[in-house]
Amino acid sequence: MSDNKTHFGFKTVDEQEKAGKVAEVFHSVAKNYDIMNDVMSGGLHRVWKHFTINTARLNKGDKVLDIAGGTGDLSRGWAKRVGKEGEVWLTDINSSMLGVGRDRLLNEGLVLPVSLADAEKLPFPDNYFNLVSVAFGLRNMTHKEAALKEMYRVLKPGGTLLVLEFSKVFKPLAPAYDVYSFKLLPLMGKMIAKDADSYQYLAESIRMHPDQETLRQMMLDAGFDSVDYHNMTAGVVALHKGVKF
């Protein structure tokens, strides 16, 4: 891609257009986000997030930044891990998603600081957080390299970045996965969320996202000293872990 062009699903768009187009998608799906996640993954997204939360090395009183935190699943888990003496920020670039997440956590009696924040320009000081997480959000960012560098910047030395994201499925399963992604996902989006286009974009954005090894190298290039990953559900998703020494 040129400096002024990027991907929006399979389409090529001007860089300045992508954020607005992604915003439209998430304004549209926010109210049905959790229901669609359960239906699309058969509830597996909860297992993936549970694994992510229990993988992290956290202590009571630690500080955590949840980027593209959506409806708050990871933030809730982080808050339990760090306790009342800890600090967990729920952030998202999309106001509709952030509002749903904030209200959902408040309804559960959990009061966390929230911020409408762009991952490429995080409003936090250097070396502040013990852990940064981003679940199913990195692939929607226009400048992934810039976002990863920002995540590195706000981490304390010894801190960890966890990236939970759709990845490249194991090759024998690819044909069946393509049928599911491009035929069934838009149909479910149409029936449940009254929005087939957003779920067509979801399928396309997954295919355009860097595979496991490419993302690992991108994290190393962003400054992380050690990066590894763990495939789940035959590579449908992968959890990348980057450590800042």
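Just so it is clear, the structure is predicted and the values come from calculations on it, not from any experiment.

(A) Inspection of helix H7 (residues 174–192) at higher detail. Taking 1.5 Å per residue as the helical rise, H7 with its 19 residues ought to reach 27 Å, and the 25 Å between its terminal C-alpha atoms agrees with that figure. Leu184 marks where H7 bends most, by close to 35°; the proline Pro186 follows one to four residues later. Among all positions of H7, only Tyr177, Ser181, Leu185, Pro186, Met188 and Gly189 are buried. Note on H7: the residue one or two positions beyond its end, Lys194, has a positive phi of about 55°.

(B) Summary view of the UniProt feature "binding site: S-adenosyl-L-methionine" (unreviewed entry) in the chain. This chain's UniProt record puts "binding site: S-adenosyl-L-methionine" (unreviewed entry) on Thr71, Asp92, Asp118 and Ala119. Note on placement: Thr71 falls in the loop between strand S3 (63–67) and helix H4 (73–82). Non-local contacts of Thr71, meaning those with residues more than four positions away in its chain, are made with Tyr33, Asp34, Met97, Val100, Gly101 and Arg104. On the secondary structure map, Asp92 appears in strand S4 (residues 87–92). With relative accessibility at 8%, the residue Asp92 sits in the buried group.

(C) Spatial organisation of the packing of helix H2 (residues 33–41) against helix H3 (residues 44–55). Two elements in contact, H2 and H3, have axes whose closest approach is 7 Å; the angle formed by their N-to-C orientations is 100°. Considered as vectors, H2 and H3 are oriented roughly perpendicular to each other. Contacts between H2 and H3 pair Asn37, Asp38 and Ser41 from the former with Leu44, His45, Arg46, Trp48 and Lys49 from the latter. Of the residues that constitute the contact of H2 with H3, the class distribution is two nonpolar, three polar and three charged.

(D) Structural context of the pattern of salt bridges. According to the stated counting rule, one finds 13 salt bridges in the structure shown. Linking Asp126 and Arg153 is a salt bridge whose minimum nitrogen-to-oxygen distance equals 2.7 Å. Here Arg153 lies in helix H6 (residues 144–154) and Asp126 lies in the loop between strand S5 (114–116) and strand S6 (129–135), a separation of 27 residues in the sequence. Measuring nitrogen to oxygen at the nearest pair gives 2.7 Å for the salt bridge that ties Arg153 to Glu150. Of this pair, Arg153 and Glu150 are both found in helix H6, three residues apart, which corresponds to roughly one turn of the helix. Arg153 sits in the partly exposed class, given a relative accessible area of 23%. Among the charged side chains, a network of salt bridges with common partners joins Asp34, Lys49, Asp73, Arg76, Arg104 and Glu108.

(E) Inspection of the sheet that holds strand S9 (residues 237–243) at higher detail. The seven strands lie next to each other as S5-S4-S3-S6-S7-S9-S8, forming an open sheet whose pairing is mixed. A single partner strand is all that each edge strand has here, and the edge strands are S5 and strand S8 (226–232). Neighbour to neighbour, the strand axes of the sheet diverge by 15° on average, direction disregarded. As judged from the three bridges shared by S4 and S5, these two strands associate in the parallel manner. If you follow Thr91 over to S5, its bridge partner there is Ser115. Of the strands in this sheet, strand S7 (155–166), S8 and S9 are in contact with H3, which crosses S7 at around 165°. Contacting S3, S6 and S7, H6 runs over the sheet at an angle of about 145° to S7.

(F) Region of the structure containing the side chain of Asp34. Mapped onto the secondary structure, Asp34 falls in helix H2. A relative accessible area of 18% means that Asp34 is categorised as buried. Not counting residues up to four positions away in its chain, the partners in contact with Asp34 are Thr71, Asp73 and Arg104.

(G) How the structure looks around the packing of aromatic side chains. Throughout the structure, instances matching the rule amount to 10 aromatic pairs. For the ring pair Trp89 and Phe124, a centre distance of 5.2 Å and an interplane angle of 70° mean the geometry is edge-to-face. Residue Trp89 is located in strand S4, and its partner Phe124 is located in the loop between S5 and S6; the two are separated by 35 residues in the primary sequence. Judged by centre distance (5.2 Å) and plane angle (80°), the rings of Phe124 and Phe129 are edge-to-face. Across the pair, Phe129 and Phe124 agree in class, each one buried. Positioned above the aromatic ring of Phe8, the side-chain terminus of Lys21 is 5.9 Å from the ring centre. When the ring centre of Tyr128 is taken as reference, the NZ or CZ atom of Lys63 above it lies at 5.4 Å.

Rules used in this analysis
Residues numbered from 1 in each chain as written. Predicted model: local features only at pLDDT ≥ 70, side-chain atom pairs only at ≥ 80, totals over all residues. Heavy atoms only, no water. Helix = DSSP H or I, 4+ residues; strand = E, 2+ residues; numbered from the N terminus. Expected span 1.5 Å × (residues − 1). Bend = angle between axes of the 7 residues up to and from the residue. Buried < 20%, exposed > 50% of the residue type's maximum accessible area, 1.4 Å probe, protein only. UniProt positions renumbered as here; feature names shortened; annotations may be inferred. Contact = heavy atoms within 4.5 Å. Axes fitted to C-alpha atoms, helices over the stretch in contact; angles between N-to-C directions. Parallel < 35°, antiparallel > 145°, perpendicular 65-115°, else oblique. Nonpolar A, V, L, I, M, F, W, Y, C, P; charged D, E, K, R; others polar. Salt bridge = Lys/Arg side-chain N within 4 Å of Asp/Glu carboxyl O. Pairing = 2+ DSSP bridges. Phe/Tyr/Trp six-rings, centres within 6.5 Å; stacked < 30°, edge-to-face > 60°. Lys NZ or Arg CZ within 6 Å of the ring centre and 35° of its normal.

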